[in-house]
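Breakdown of the fold
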Number of protein chains: 2
Amino acid sequence: MNALVVDSAGFALHALEAHKPDGRAITLYGREPVELQGPVPSPGPAPSEPPAPHLRWHPFRGEWVLYAAHRQERTFEPRPGAWNPLAPSGPGDAPTELPLGVYDVAVFDNRFPALAAAPGSPPPAAVPTLPAMGHCEVVVFGQRPDAPLSSQSVAQLEVLLAVWGHRTRLLGTRPGVEYVLPFENRGVEMGVTLHHPHGQIYAYPFVPPLPAAMLAREREHYYRRGRTLLESVLEDERRRPERVLYASDEAICFVPAWARYPYEVWIAPTRPYATLDALDDESRRALATALATALRKLDRLWNRPCPYLMVWYQAPMDGRPHPESHLRAEIWPVLRAADRVKYLAGTELGAGLFTNDLVPERTARELQQVEVDAR
Amino acid sequence: MNALVVDSAGFALHALEAHKPDGRAITLYGREPVELQGPVPSPGPAPSEPPAPHLRWHPFRGEWVLYAAHRQERTFEPRPGAWNPLAPSGPGDAPTELPLGVYDVAVFDNRFPALAAAPGSPPPAAVPTLPAMGHCEVVVFGQRPDAPLSSQSVAQLEVLLAVWGHRTRLLGTRPGVEYVLPFENRGVEMGVTLHHPHGQIYAYPFVPPLPAAMLAREREHYYRRGRTLLESVLEDERRRPERVLYASDEAICFVPAWARYPYEVWIAPTRPYATLDALDDESRRALATALATALRKLDRLWNRPCPYLMVWYQAPMDGRPHPESHLRAEIWPVLRAADRVKYLAGTELGAGLFTNDLVPERTARELQQVEVDAR
């Protein structure tokens, strides 16, 4: 059960797999061997109905829409006010999602998943349907409720990157999975109600519309130029680093010249690793440093936790080679000033044309001037 | 100056054009001849710098991003607490955007437009750029600050539809404009800070990505089937009206079988009018009735003003025929329950896969049961 899932010269990652009383899987990860110091809890019984999400075809947009009716029906059991479902709980505590023990990061099946491993048949509908096959996992970034990623050491972020890599490999080889997307919604402005630092991973049965559209452009570039689109971009950024926030031989963090959100930041390895799983020790460490730099600068910018969406784009897990794919994270802060939310409205959502009141060169300069210690 | 811009057997629309002290255009519209009863105000002087928005190419998404740096720089003059810039102001009042007078609807140039009539040259950037040519107008739905569209009579909504039609024609024939999009962002949940009922119109120099993608699918359907995609959909809806909220021979209001937002509602004429400008008296009146029904049901559903984005999709104004285009409004409420906002996060914004916790047949049933008097 306690296995070494990454074991290289400079880095080791231990994992311990278990099952919750309600049947869901949980995996605890650590740089040191993982130790369970109590039973693995569930915050409640298994739902009486198994989740049966389905997809319907939107004939105007030409994309699938996901219906997860079981999520709206979920009951919220009364709990003590300070109850934190993502903190470890021991015997006598109100049960949470995590056990007591020695581990750094925990990953478990979402209790109310939008995509399900065995979703059953869709109900009849006026448009084409599909069962919404897939997996939804919750990734708890640490045992402490008050330690956001921006406060974590580079060594801790290395663990997280290795965990994301391991989940990508595991989920990506499950039948029917074509794309694995790790992301973090952060802050009440993003709709987050649980404040214990955590993210999610969705494993989709197809490459979703947005990554698919971007990969098509990346493929076009790759076959025309013989290198990834991001490699071409990074060469420009390095030559004229006015939007660069951090750069080493192995990783970079920059405000793209086409930022849609005012303080948008991209993070990438300089070499075209296709997936999180493919990173070597050196690139993983450099990427963790770039990530630490970005997150700390964003939190230091206005001296408040910055609400954002962080998405990690990687190659499809469809068994085919993807030389066009170049791993990257995009961080989209949803503020345009310390106290002003960037709302998406008519022109963004209705027309698909993003409007940004701040040019990237200006936000990059502001973020360059925020001094942080990236260790 | 006071002209009849719509003059048919059953319906007349008067318009009076004027200019504000800062140079911006304003047009007042009414079913009766418009009467100005005071000077046309501006809330402040013209900006010292003319707006110079520009577009940059996003090489991964393959779309333009709009930079309107002058908007962030705007100064907010101190004002009395109750100052409402969208209410009429007379001599002695703090000046607003609207004059005293007899009129129903007012349309004026946005003071801080995201797109500009003469945007100048873009600054140098690392990606392709374009001047952000276009027009941004504000549409004030009435003189009363407390009369949202849901409270307006069908006759008043007819005026608004005729105004949108007139603006579509006017803006659509200005040089360089290819697409006219009327929309309303409603509610603080949509980022709206001015509560006086109003909407906006953007006139774009190209067909924006989202309407363009939908029109491509509509075109494909039209050339395969000889009728619009929406006509095919409406035939199905009428045959089995489980998601229909209102239907007459001329107009329909329904929850689409592929709703992305929990209480999403579409409104359309049954016949394939391509633009708002093309509506005849009968279809305009029926569409106003359908619109009244939808907006009243949404506000009555939870007995609170429903925050939403309403977008009117129509044919491009590119001088070419668009038999595939079929005018419609999409209303996207941003709540999934009376007190729960539908946030867009990882899977919606990051993957492009919308997740809806409520199936359309259920929300349609709920909305069908909300009784309203649509007059």
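Worth saying up front: this structure is predicted, and the values here are computed from it rather than measured.

Quick notes on the domain arrangement of chain A
Residue and element names in this part refer to chain A. Per the domain assignment, the segments making up chain A are domain 1 (2-209) and domain 2 (219-369). The interface is formed by 34 residues belonging to domain 1 together with 31 residues belonging to domain 2. Buried surface at the junction of domain 1 and domain 2, both sides included, amounts to about 2,900 Å², of which 60% is carbon and sulfur. On the domain 1 side of the contact with domain 2, Leu161, Arg186 and Glu189 bury the most area, a combined 22% of that side's loss. Summed over the shared surface of domain 1 and domain 2, the result is four salt bridges. Close ionic contact of Arg285 with Glu158 constitutes a salt bridge, the shortest N to O distance being 2.8 Å. Linking domain 1 with domain 2 are 18 residue pairs in polar contact (both at pLDDT 80 or more), by the criterion used here.

Some points on the packing of aromatic side chains
Enumeration according to the criterion identifies 26 aromatic pairs over all chains in this entry. Their ring planes at 35° and their centres at 6.0 Å tell us that Phe60 of chain A and Trp258 of chain B sit as a pair that is tilted. Placement of Phe60 of chain A in the loop between strand E5 (54-58) and strand E6 (63-67) and of Trp258 of chain B in the loop between strand E16 (251-254) and strand E17 (265-269) is noted, with the two residues assigned to different chains. This pair shows no difference in class: Phe60 of chain A is buried, exactly as Trp258 of chain B is. Where Tyr263 of chain B meets Trp302 of chain B, the ring centres are 5.0 Å apart and the plane angle is 80°; that geometry is what we call edge-to-face. Highlighted residues: Tyr263 of chain B in the loop between E16 and E17 and Trp302 of chain B in the loop between helix H5 (281-301) and strand E18 (308-313), separated in sequence by 39 residues. Of the two residues, Tyr263 of chain B and Trp302 of chain B, both sit in the buried class. Feature note: the residues Phe60 of chain A together with Phe254, Trp258 and Trp266 of chain B constitute an aromatic cluster, connected by ring pairs. Its end group placed over the ring of Phe108 of chain A, Lys20 of chain A keeps NZ or CZ at 4.9 Å from the ring centre. Above the face of the Tyr67 of chain B ring, Arg56 of chain B is positioned so that its terminal group lies 4.8 Å from the ring centre.

Examining the sheet that holds E6 of chain A
Taken in spatial order, the four strands make up an open sheet running E11(A)-E5(A)-E6(A)-E22(B), and their pairing is mixed. Only two strands of the sheet have a single neighbouring strand rather than two, namely strand E11 (129-131) of chain A together with strand E22 (354-356) of chain B. Each strand of the sheet is rotated relative to its neighbour by a mean of 30°, with strand direction disregarded.

A short note on the sheet that holds strand E12 (residues 135-140) of chain A
Residues and elements named next belong to chain A. The antiparallel open sheet is built from twelve strands, whose spatial order is E1-E2-E3-E10-E12-E14-E13-E18-E19-E17-E16-E15. Bordering the open sheet on either side are strand E1 (2-8) and strand E15 (244-247), each of which pairs with just one other strand. Recorded for the sheet is a direction-independent mean angle of 20° between the axes of neighbouring strands. Packed on one face of the sheet, helix H5 (residues 281-301) meets E1, strand E2 (11-19), strand E13 (179-186), E15, strand E16 (251-254), strand E17 (265-269), strand E18 (308-313) and strand E19 (328-333) and runs near 170° to E17.

With respect to the relation of the copies chain A and chain B
Least-squares fitting of chain A to chain B yields an RMSD of 0.0 Å, with the superposition described by an axial translation of 0.0 Å and a rotation of 180°. These values place the two chain copies in the arrangement generated by a two-fold rotation axis. Among all C-alpha atoms of chain A, that of Leu344 of chain A lies closest to the rotation axis, at 4.7 Å. When you check the interface residues of chain A against chain B, 100% turn up at the interface there too, and the contact is symmetric in its surfaces.

Things to note about the interface of chain A and chain B
Contact residues are listed per partner, giving 79 residues for chain A and 79 residues for chain B. Buried surface at the junction of chain A and chain B, summed over both partners, amounts to about 6,500 Å²; 60% is from carbon and sulfur atoms. At the boundary of chain A with chain B, the tally comes to two salt bridges. Between the two partners, chain A and chain B, sit 24 residue pairs in polar contact (both at pLDDT 80 or more).

Details of the pairing of strand E6 (residues 63-67) of chain B
Across the five residues of E6 of chain B, five count as buried, placing the element largely inside the fold. Neither face of E6 of chain B is open: one carries Glu63, Val65 and Tyr67 of chain B, the other Trp64 and Leu66 of chain B, and all of them are buried. Of the pairings in the sheet, the one linking strand E22 (residues 354-356) of chain A to E6 of chain B comprises three bridges and is parallel in character. Along E6 of chain B, the bridge assignment pairs Asn356 of chain A with Tyr67 of chain B. Taking the residues that link successive antiparallel strands as the turn, the strand E5 (residues 54-58) of chain B-E6 of chain B hairpin has four residues, and the phi of Gly62 of chain B there is positive, at about 65°.

A look at unusual backbone geometry
At Asn303 of chain A, a residue that is not glycine, the phi angle is positive and equals roughly 50°. Among the residues examined, Asn303 of chain A registers a relative accessible area of 65% and is labelled exposed.

Remarks on the environment of Ala329 of chain B
All names here are of chain B. Counting through the fold element by element, Ala329 comes out in strand E19 (residues 328-333). For the pair formed by Ala329 and Arg300, sequence separation is 29 residues and the distance between their alpha carbons is 20 Å. Other than its neighbours up to four places away in sequence, Ala329 contacts Val265, Trp266, Ile267, Val311 and Trp312.

Points about the pattern of salt bridges
All names here are of chain B. This structure, assessed with the given rule, holds 58 salt bridges over all chains. Residue Arg169 pairs with Asp277 through a salt bridge whose shortest N-O separation is 2.8 Å. Of the two residues, Arg169 sits in helix H2 (residues 154-172) while Asp277 sits in the loop between E17 and H5, which places them 108 residues apart along the sequence. Residue classification places Arg169 among the partly exposed positions, given a relative accessible area of 34%.

Side note on helix H3 (residues 209-225) of chain B
In an α-helix, one turn spans 3.6 residues; hence positions three or four apart end up facing the same way. Helix length check: H3 of chain B, at 17 residues, gives a terminal C-alpha distance of 24 Å against a target of 24 Å (1.5 Å per residue), a fit within 8%. Structurally, H3 of chain B contributes buried residues whose contacts are with helix H6 (346-351) of chain A together with strand E13 (179-186), helix H4 (229-239), E18 and E19 of chain B. Residue Gly226 of chain B follows H3 of chain B closely and has a positive phi angle near 75°.

Here's the deal with the side chain of Thr270 of chain B
Residues and elements named next belong to chain B. Within the fold, Thr270 resides in the loop between E17 and H5. Thr270 sits in the buried class, given a relative accessible area of 15%. From its side chain, Thr270 meets the backbone oxygen of Asp249 in a polar contact 2.6 Å long. In this view, Thr270 contacts Glu231, Leu234, Arg238, Ser248, Asp249, Glu250, Ala251 and His326; residues no more than four positions away in its chain are not counted.

Side note on the packing of helix H2 (residues 154-172) of chain A against H5 of chain A
Residues and elements named next belong to chain A. For the pair H2 and H5, interaxial distance at closest approach is 8 Å and the crossing angle is 115°. For the pair H2 and H5, the sense of crossing is right-handed. The segment H2 lies against H5, with Val154, Leu157, Glu158, Leu161 and Ala162 engaging Asp281, Arg284, Arg285, Leu287, Ala288, Thr289, Leu291, Ala292 and Arg296.

Side note on the packing of H5 of chain B against helix H7 (residues 360-369) of chain B
Residues and elements named next belong to chain B. Where H5 contacts H7, the axes come no closer than 9 Å and their chain directions differ by 95°. With respect to H7, the element H5 is oriented roughly perpendicular. Where H5 approaches H7, its residues Lys297, Leu298 and Leu301 are matched on the opposing element by Glu366, Leu367 and Gln368. Along the lines of polarity and charge, the residues of the contact of H5 with H7 split into three nonpolar, one polar and two charged.

What counts and what doesn't
- Residues numbered from 1 in each chain as written.
- Chains lettered and ligands numbered in written order.
- Predicted model: local features only at pLDDT ≥ 70, side-chain atom pairs only at ≥ 80, totals over all residues.
- Heavy atoms only, no water.
- Domains from an automatic or database assignment.
- Contact = heavy atoms within 4.5 Å.
- Buried area = accessible area lost by both parts, 1.4 Å probe.
- Salt bridge = Lys/Arg side-chain N within 4 Å of Asp/Glu carboxyl O.
- Polar contact = N/O pair within 3.5 Å; in protein donor to acceptor, adjacent residues only side chain to side chain.
- Phe/Tyr/Trp six-rings, centres within 6.5 Å; stacked < 30°, edge-to-face > 60°.
- Helix = DSSP H or I, 4+ residues; strand = E, 2+ residues; numbered from the N terminus.
- Buried < 20%, exposed > 50% of the residue type's maximum accessible area, 1.4 Å probe, protein only.
- Lys NZ or Arg CZ within 6 Å of the ring centre and 35° of its normal.
- Pairing = 2+ DSSP bridges.
- Axes fitted to C-alpha atoms, helices over the stretch in contact; angles between N-to-C directions.
- Least-squares fit on C-alpha atoms with pLDDT ≥ 70 in both.
- Expected span 1.5 Å × (residues − 1).
- Left-handed = near helix turned anticlockwise from the far one by under 90°.
- Parallel < 35°, antiparallel > 145°, perpendicular 65-115°, else oblique.
- Nonpolar A, V, L, I, M, F, W, Y, C, P; charged D, E, K, R; others polar.

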